[in-house]
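Spelled out, the chains give:
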Amino acid sequence: MQRLSDSDAVVAIVGGGPAGLLAAQRLAEAGHRVVVYEAQATVGRKFLVAGHGGFNLTNSEPLPDFATRYALHSVRFHELLGHFSPADLRQWTTDLGIATYVGTSGRVFPTAEYKPAQLLRAWVGRLVELGVEIRTRHRWLGFADATGLRLRNDATGEETTVCPAATVLALGGASWSKTGSDGRWTAALEHIGVQCVPFQPSNCGAEIAWSAFFQQKVKRTPLKNIALTCGSHTVRGELMLTEYGVEGTPVYALTPAIREALGHSTTATLLLNLKPDLTPTALRERLAQRRSGTSWASFLASALRLGPPIPTLLREVGPPILPTEPVALAHLLTHLPLPVSGLRPLEEAISTAGGVAWTEVNEHLMLQRRPGTFVAGEMLDWEAPTGGYLLQGCFSTGAWAAQGVTRWLRSTQQQ
Ligand SMILES: Cc1cc2nc3c(=O)[nH]c(=O)nc-3n(C[C@H](O)[C@H](O)[C@H](O)COP(=O)(O)OP(=O)(O)OC[C@H]3O[C@@H](n4cnc5c(N)ncnc54)[C@H](O)[C@@H]3O)c2cc1C
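Treat the numbers as computed from the prediction; the structure is a model and nothing was measured.

The rules behind the values
- Residues numbered from 1 in each chain as written.
- Predicted model: local features only at pLDDT ≥ 70, side-chain atom pairs only at ≥ 80, totals over all residues.
- Heavy atoms only, no water.
- Helix = DSSP H or I, 4+ residues; strand = E, 2+ residues; numbered from the N terminus.
- Contact = heavy atoms within 4.5 Å.
- Areas by Shrake-Rupley, 256 points an atom, 1.4 Å probe, with all protein chains shown as cover.
- Lys, Arg positive; Asp, Glu negative; His and termini not counted.
- Charge placed at Lys NZ, Arg CZ, Asp CG, Glu CD.
- Axes fitted to C-alpha atoms, helices over the stretch in contact; angles between N-to-C directions.
- Parallel < 35°, antiparallel > 145°, perpendicular 65-115°, else oblique.
- Left-handed = near helix turned anticlockwise from the far one by under 90°.
- Nonpolar A, V, L, I, M, F, W, Y, C, P; charged D, E, K, R; others polar.
- Near = heavy atom within 4 Å.
- Polar contact = N/O pair within 3.5 Å; in protein donor to acceptor, adjacent residues only side chain to side chain.
- UniProt positions renumbered as here; feature names shortened; annotations may be inferred.
- Buried < 20%, exposed > 50% of the residue type's maximum accessible area, 1.4 Å probe, protein only.
- Pairing = 2+ DSSP bridges.

Asks: Tell me about the overall build of the chain, residues and numbers included.
Replies: Within the chain, the secondary structure is distributed over 15 helices and 21 strands. Of the contacts made within the chain by residues no fewer than 6 positions apart, 68% connect residues no fewer than 24 positions apart. Surface summary for the chain: the accessible area is close to 18500 Å², and the carbon and sulfur share equals 52%. When the 37 basic and 34 acidic side-chain charges of the chain are each reduced to a single mean position, those positions are 7 Å apart.

See the structure below:
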């Protein structure tokens, strides 16, 4: 067993994703010796994956509204975001030499000349300058005694136990396991009695049993500028029709509502509004202008820009005989029912709900059952929509856990 002396006062960070690396940086800046243990050959793999489809770091939404994105945990996140805010995240990026800008939807991105790998390289460089030691291919296996961590060096197969002065676990959620976030860590936590809420896919596509004809004809087609409703929640954006169902920002944002609806019934209904910018009256008036002899398909395409694949979609999910009367047709075009039979698998999801239950941590994100061990990032049981809220949540919990470690070490030294 590798026992580190008190003078070493090493803080172990387990998991080299954004939450763990930010905690490492804050702790090193506060003067602690920090060692990061990461199971993969390199750190930040999911951070890089996040960068592929537009690297949305945070959002410019004002703080009170920002916090509501964390739904049930908005009060808690209001405090966490106050400690490491979206503005702090942008400043942190600037300090690494990477400029950011606010996109049209309020999302914050690095400017075009910067690739995600450059940001990660600059960050790791800063950590090394601060003296943070990064041990890759080191898999955490579980706890030992009061403060010990069992680790396996996957390069050599050697197993060791280290006893840091404090630990931050930042092991991620359970999607995209090839990035290292495989969720297998729950067993070690449950072994010491920590309750973990089962993982659920979040920010993922929804399955619809399209007919073979529809699948073949439509394949992947975007529907721009629509509104999608599930229960009492409505989201605007671009919907992507896919062979398995639907995906895109509005579907992702509605995953909690879809999940809840599927908990009560075998099908959740999404209501698609194809013309959210037109008032019902304006839409009815446009529909009333059709001349007899003009087919509905060409009229919808010319008068309302509802060309292919809309007629095919109407035939797929609309009534057997489409209404021709303007009031009824307007209602159908704004309340087109899409029957969802399930969410896409966990592995494909952008993020996961579930993880360490909030009742298991104190106000500093320290495990109640294991003093000196803190938890940060997606491994905690929270979810938020895409739009920069995920990374911001990981950074803010990482910074908060780091602050908790410093307080904890100070209090234990005073005893
Ligand atoms: C396709 C995709 C696109 C995304 N796009 C965005 C976006 O644009 N904006 C946004 O805000 N968010 C985005 N996200 C989400 C964001 O990337 C994650 O929320 C974030 O990376 C989670 O950070 P984390 O530090 O909590 O965990 P992770 O980044 O998952 O890191 C956890 C680390 O722990 C390591 N680990 C796990 N188990 C062990 C173990 N036993 N021992 C040692 N190490 C271990 C893993 O290898 C991993 O490196 C995206 C995610 C995906 C999949």
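Asks: Mind laying out the packing of helix α11 (residues 280-288) against helix α12 (residues 296-304), listing which residues take part and the relevant values?
Replies: Interhelical geometry of α11 versus α12 gives an angle of 130° and a closest axis separation of 10 Å. Between α11 and α12, the interaxial angle falls into the category oblique. Of the two elements, α11 crosses α12, and the hand of that crossing is right-handed. Packed against α11, whose contacting residues are L283, R286 and L287, the element α12 presents W296, F299, L300, A303 and L304 at the interface. Grouping the amino acids of the contact of α11 with α12 by side-chain chemistry returns seven nonpolar, no polar and one charged.

Asks: Can you lay out the site of the ligand for me, pointing to particular residues and giving the numbers?
Replies: Near the ligand there are 32 residues, and of these E38, N56, S181, E378 and L391 occur at the shortest range. Within the backbone of P18, one N or O atom sits 3.2 Å away from an oxygen atom of the ligand. In this structure, S181 approaches the ligand through a side-chain N or O atom, which is 2.6 Å from an oxygen atom. In isolation the ligand offers 1000 Å² of accessible surface; the protein chains occlude 95% of this area. Taken together, the residues of the shell around the ligand sort by class into 15 nonpolar, 13 polar and four charged.

Asks: Run through the UniProt feature "domain: RsdA/BaiN/AoA(So)-like insert" (unreviewed entry) in the chain, naming residues and quoting values.
Replies: The residues that UniProt annotates with the feature "domain: RsdA/BaiN/AoA(So)-like insert" (unreviewed entry) are residues 200-351. Between the end C-alpha atoms of residues 200-351 there is a gap of 9 Å, over a span that is 38% helix and 27% strand.

Asks: Let's hear about the environment of Q200: which residues, and what values?
Replies: Secondary-structure assignment places Q200 in strand β12 (residues 196-202). With a relative accessible area of 35%, Q200 lands in the partly exposed category. When the C-alpha atoms of Q200 and S175 are compared, they prove to be 9.3 Å apart, with 25 residues separating the residues in sequence. Contacts of Q200, omitting those with residues within four sequence positions, involve R259, L346, S351, T352 and A353.

Asks: Please provide a residue-by-residue account of helix α13 (residues 310-317), values included.
Replies: Along an α-helix, a turn takes 3.6 residues, which lines up residues three or four apart on a common side. Among the eight residues of α13, six are classified as buried, and the element is accordingly described as predominantly covered. Considered for burial, the residues of α13 that qualify are I310, P311, T312, L313, L314 and V317. Structurally, α13 contributes buried residues whose contacts are with α8 (212-218), β14 (221-230), β17 (268-273), α12, α14 (326-334) and β18 (336-340).

Asks: Break down the sheet that holds β14 for me, with residues and values.
Replies: Read from one edge of the open sheet, seven strands run β18-β17-β14-β15-β16-β13-β19, paired in antiparallel fashion. In this open sheet, the two edge strands, each paired with only one partner strand, are β18 and β19 (342-343). Judged from the two bridges that link them, strand β15 (residues 233-241) and strand β16 (residues 245-247) form a sheet pairing that is antiparallel. Note that in β16 the partner of L241 across the bridge is V246.

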